[in-house]
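# A closer look at the structure
Chain residues, written in single-letter form:
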Amino acid sequence: GCVIQKNNGITDETIDALQVLKRFADERGWAYITVWNRLYKRKIFEKIRFPEGKTHEDEWIAADIYESCNKITLTSDSYYLYRINADSIMGKKWNIAHLDGVEAVYRRFLKYQKNGWYDQVPATFFCARRMLESMKNMNFVTAEDKKRRREVIREYRYMLRCVGNEASFKDRLVGIMPELYFKLK
């Protein structure tokens, strides 16, 4: 593999959890969602655990981590080298395991609703829609794969109903007629 140093697009600042959570849906939101590019106090992980058997593990716990913090100090300095590996999530073509990321975004969507962070709901929906684009390139062969696909579409439809008029025609097409949409490669 190749080793790269990634510009994370983060600026030097100290902010609170809600400010970080608002950045998840930004163009460079990955820099806030990924857990590999920061230091944590050990006590955070006394209650928070990575989910077993899921890909996109950081998508599942990032909001929980930030919610448990009073303040987050960010630095623009890059102290992390990333190894590009053909067998990693980032190196593989989209497959059924990538639906874990969509499920994690749905979980975050529900968390925002529960906590009354309604200004985050539309941006999180759009993040889920972008992730659903990957389903166009996936082969759903087994009954279990097809079941997972139906579940993710059900979750997407719930988010679509919640965002209402903020959804575009394309967003609605994915929710109303996913089979037709996914055939439009």
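In this text, all values refer to a predicted model and were calculated from it rather than measured experimentally. (Residues numbered from 1 in each chain as written. Predicted model: local features only at pLDDT ≥ 70, side-chain atom pairs only at ≥ 80, totals over all residues. Heavy atoms only, no water.)

### Topic: the overall build of the protein chain
Threshold: Where helices and strands are cited, they refer to DSSP runs of H or I of at least four residues and of E of at least two residues respectively, numbered from the N terminus. To sort residues, take the accessible area from a 1.4 Å probe on protein chains only and compare it with the maximum for the residue type: under 20% means buried, over 50% means exposed, and anything in between is partly exposed. By the convention used here, residues are in contact when the closest approach between their heavy atoms is within 4.5 Å. Accessible areas in this description were obtained via Shrake-Rupley with a 1.4 Å probe; residue shielding takes into account the shown protein chains only.
Across its full length, the protein chain holds 8 helices and 4 strands. Along the protein chain, helices (α) and strands (β) appear in the sequence β-β-α-α-α-β-β-α-α-α-α-α when read from the amino end. Counting the 185 residues in the protein chain, one finds 44% classified as buried. Considering only intrachain contacts with a sequence separation of at least 6, the fraction spanning at least 24 residues in the protein chain is 68%. Split by element, the accessible area of the protein chain, about 11,200 Å² in all, is 52% carbon and sulfur.

### Details of the packing of helix α4 (residues 99–115) against helix α6 (residues 143–163)
This is how the line gets drawn: Angles here are taken between N-to-C directions and fall from 0 to 180 degrees, while the axes themselves are lines fitted to C-alpha atoms, restricted in helices to the stretch in contact. Helix crossings get a hand from a simple test, with the near helix turned counterclockwise from the far one by less than a right angle marking a left-handed crossing and a clockwise turn marking a right-handed one.
Running from N to C, α4 and α6 point in directions that differ by 30 degrees, and their axes come no closer than 10 Å. Handedness of the crossing formed by α4 with α6: left-handed. Across from Leu99, Asp100, Val102, Glu103, Tyr106, Phe109, Leu110 and Gln113 in α4, the residues of α6 making contact are Arg148, Arg149, Val152, Arg154, Glu155, Tyr158, Met159, Cys162 and Val163.

### Structural notes on helix α3 (residues 57–67)
Across the 11 residues of α3, 9 count as buried, placing the element largely inside the fold. Taken as a whole, α3 has its buried residues at Asp58, Glu59, Trp60, Ile61, Ala62, Ala63, Asp64, Ile65 and Tyr66.

### Quick word on the nonpolar core
This is how it is decided: Here, the term nonpolar core denotes a set of buried Ala, Val, Leu, Ile, Met, Phe, Trp, Tyr and Cys residues that are joined through side-chain atoms within 4.5 Å.
In terms of nonpolar packing, the biggest core is built from 49 residues, with Phe24, Tyr66, Phe125 and Met135 touching the most fellow members. Considering every element that reaches this core, the biggest residue donor is α4, with 7 residues. In this structure, Phe125 is in contact with Phe109, Tyr156, Met159, Leu160, Val163, Ala167 and Asp171, ignoring residues within four places of it in sequence.

### Quick look at the packing of helix α5 (residues 121–132) against α6
Applicable threshold: Classification used: nonpolar for Ala, Val, Leu, Ile, Met, Phe, Trp, Tyr, Cys and Pro, charged for Asp, Glu, Lys and Arg, polar for all others including Gly.
Relative orientation of the contacting elements α5 and α6 amounts to 145 degrees, with a least axis distance of 10 Å. Between α5 and α6 lies a crossing of left-handed hand. In this structure, α5 contributes Val121, Pro122, Phe125, Ala128, Arg129 and Leu132 to the contact, and α6 contributes Val152, Tyr156, Met159, Leu160 and Val163. The residue inventory of the contact of α5 with α6, partitioned by class, reads 10 nonpolar, no polar and 1 charged.

### Regarding the packing of aromatic side chains
The criterion, for reference: Here the aromatic set is Phe, Tyr and Trp, taking the six-membered ring for Trp, and pairing holds for ring centres within 6.5 Å; pairs whose planes are under 30 degrees apart are stacked, those over 60 apart are edge-to-face, and all others are tilted.
Summed over the entire model, instances satisfying the criterion amount to 8 aromatic pairs. A centroid spacing of 5.4 Å and a plane angle of 85 degrees characterise the contact between Tyr40 and Phe45, whose relative ring orientation is edge-to-face. Between Tyr112 and Trp117, the aromatic rings sit 5.7 Å apart at their centres with planes inclined by 55 degrees, giving tilted as the arrangement. Of the two residues, Tyr112 and Trp117, neither departs from the other in class, the shared state being buried. Among the aromatic side chains, those forming a connected cluster through ring pairs are Tyr40, Phe45 and Phe50.

Function-wise, these values are silent; they only describe arrangement.
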